[in-house]
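# Report on the structure
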Amino acid sequence: TKDWNGIDQVVLRVPRGASARVSLHGGQVISWRNERGEELLFTSNKAIFKPPKAMRGGIPICFPQFGNCGSLEQHGFARNKMWTIDNDPPHLPSSDGNAKVSVDLLLKPSEDDMKCWPHYFEFRLRVSLSMGGDLTMISRIRNINGKPFSFSFAYHTYFSVSDISEVRIEGLETLDYLDNLQQRERLTEQGDAITFESEVDRVYLGSPNVIAVLDHEKKRTFVIRKEGLPDAVVWNPWEKKSKSMVDLGDEEYKQMLCVDAAAIERSINLKPGEEWTGRLELSAVPNTCCCDH
Ligand code: TA6
């Protein structure tokens, strides 16, 4: 299908009705719906659909750099480039036996990109996106016989929540984190769950591979399962920062929460011929009970 600027999108739909939609601009997932057709990802009403800028929301891919700790644009170039569909992807057995629909997207270097990152011509980034009961993204980055290079990576996931003040994150307790609001100072999480009363912008280090985002009002829990992604970014801009963002409504911070499976603290280094894999599996399950425990 075509999208807002005539840019190709791929829609994955499973018989039970769940679906996902990914744009070839940036390889960005821009919609993930459950079997009842409810949208599970946040997209700003003021999102700017104007390539090369990434649209605010969904799941932008941050590569080869997270944030602005490097020489490249914020979060690297991958989310601002045109990707292609691999029509003959390597077959991979589905991990849980569920019927899945999938698509493989490729980011290949282009002539004019080679200037912005010395290794641009030496890597291939493949994202295998599949829908079963859950949404699975497997990114594979290969150094195709160039010089060794290193990178950081994140699935910059915008979850749709009913009211940020009714949301809690479980699984990051006791971890150290870098606080982007305090010059990336290294602190330790004290709480028994993360709740939100103000702007939060943190990189949790060495996080476990399962994180739960509980939306009390929607009686829904997002379960994040990750492999090869040791860190987790938690971000909500809150009111003041939202007002300074042209592509985010003043009140929209209440309906969004970024929890990004990431590899940030320690860059990933690839020698020629080596490949890295970062796997993300998202599911949205009804809260078993609505009691606060
Ligand atoms: O998610 C962490 C973060 O680096 C925040 O500091 C904020 O800048 C956010 O990403 C959004 O970045 P973007 O480039 O998508 O506006």
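Residues numbered from 1 in each chain as written. Predicted model: local features only at pLDDT ≥ 70, side-chain atom pairs only at ≥ 80, totals over all residues. Heavy atoms only, no water.

The name given to the chain in an unreviewed UniProt entry is glucose-6-phosphate 1-epimerase, and the organism recorded there is Iris pallida. Its UniProt record gives the chain a comment under Catalytic activity (unreviewed entry), which states: "alpha-D-glucose 6-phosphate = beta-D-glucose 6-phosphate". UniProt, in the comment section headed Sequence similarities (unreviewed entry), describes the chain in these words: "Belongs to the glucose-6-phosphate 1-epimerase family." (UniProt positions renumbered as here; feature names shortened; annotations may be inferred.)

### Description of the site of the ligand
Taken together, R56, F66, Q74, H75, R79, H156, Y158, D201, V233, W235 and D260 make up the full set of residues adjacent to the ligand. At a separation of 2.9 Å, an oxygen atom of the ligand approaches a polar side-chain atom of R56. Between H75 and the ligand, the recorded distance is 3.0 Å, taken from a side-chain N or O atom to an oxygen atom. In this structure the site holding the ligand corresponds to the largest pocket. Its residues assigned to classes, the shell around the ligand shows four nonpolar, three polar and four charged. (Near = heavy atom within 4 Å. Polar contact = N/O pair within 3.5 Å; in protein donor to acceptor, adjacent residues only side chain to side chain. 1 Å grid on protein atoms, 1.4 Å probe; cavity = no way out; pocket = protein on both sides within 12 Å on 5 of 7 lines; lining within 4 Å. Sits in = over half its atoms within 2 Å of the grid points. Nonpolar A, V, L, I, M, F, W, Y, C, P; charged D, E, K, R; others polar.)

### Description of the pattern of salt bridges
Taken as a whole, this structure holds 19 salt bridges when the rule is applied. Salt-bridge contacts for R33 lead to E39; the nearest nitrogen and oxygen are separated by 3.5 Å. A salt bridge links E251 to K254, with the nearest nitrogen and oxygen atoms 2.6 Å apart. The class for K254 is partly exposed, based on a relative accessible area of 31%. Overlapping salt bridges bring together D176, R186, E265 and R266 as one network. (Salt bridge = Lys/Arg side-chain N within 4 Å of Asp/Glu carboxyl O. Buried < 20%, exposed > 50% of the residue type's maximum accessible area, 1.4 Å probe, protein only.)

### Some words on the pairing of strand β9 (residues 149-155)
Of all the seven residues making up β9, six are buried; the element is thus mostly covered by neighbouring parts of the structure. Across two bridges, strand β4 (residues 61-62) lies against β9 in antiparallel orientation. Paired with C62 across the bridge in β9 is A154. Examined bridge by bridge, β9 and strand β18 (residues 256-270) share six bridges and lie antiparallel to one another. (Helix = DSSP H or I, 4+ residues; strand = E, 2+ residues; numbered from the N terminus. Pairing = 2+ DSSP bridges.)

### Remarks on the sheet that holds strand β5 (residues 84-85)
The strand order β5-β6-β7-β8-β19-β16-β15-β11 describes an open sheet built from eight strands, whose pairing is antiparallel. A strand with exactly one partner marks an edge of an open sheet, and here the two such strands are β5 and β11 (167-170). As defined by bridge partners, strand β7 (residues 123-131) adjoins strand β8 (residues 135-143) across nine bridges and the pair is classed as antiparallel. Within β8, the residue paired with F123 across the bridge is N143.

### Regarding the packing of aromatic side chains
Applying the stated criterion across every chain, the model contains 14 aromatic pairs. Grouping aromatic residues by their ring pairs yields a cluster made of F63, F77, F123, F149, F151, F153, Y155 and W276. (Phe/Tyr/Trp six-rings, centres within 6.5 Å; stacked < 30°, edge-to-face > 60°.)

### Examining the side chain of N236
Along the polypeptide, N236 turns up in strand β17 (residues 231-236). For N236, the side chain forms a polar contact with the main-chain nitrogen of W238, separated by 2.8 Å. If sequence neighbours within four positions are ignored, N236 has contacts with I164, E199, V200, Y253, M256 and L257. (Contact = heavy atoms within 4.5 Å.)

### Things to note about the UniProt feature "binding site: substrate" (unreviewed entry) in the chain
The positions UniProt marks with the feature "binding site: substrate" (unreviewed entry) are R56, Q74 and R79. The annotated residues occupy 24 residues of the chain but converge on a single region, no pair of C-alpha atoms lying more than 13.3 Å apart. Restricting the annotated residues just mentioned to those that line the largest pocket leaves R56, Q74 and R79. For R56, a relative accessible area of 16% puts it in the buried group. Discounting residues that sit within four places of it in the chain, R56 has contacts with T43, S44, A47, Y158, W235, M245, D247 and L248. The exposure class assigned to R79 is buried, which follows from its relative accessible area of 12%. A distance of 3.3 Å separates the side chain of R79 from the backbone oxygen of Q74, its partner in a polar contact.

### Some details on the pairing of β17
For β17, the buried fraction is high: six of the six residues fall into the buried class. Burial of the side chains of β17 extends over both faces: D231, V233 and W235 are buried on one face and A232, V234 and N236 on the other. Where strand β14 (residues 200-204) and β17 come together, five bridges link them in antiparallel fashion. From the neighbouring strand, V203 faces β17, where its bridge partner is V233. Summarising the sheet, β17 and β18 pair through five bridges and their orientation is antiparallel. Across the sheet, D231 pairs through a bridge with A262, a residue of β18.

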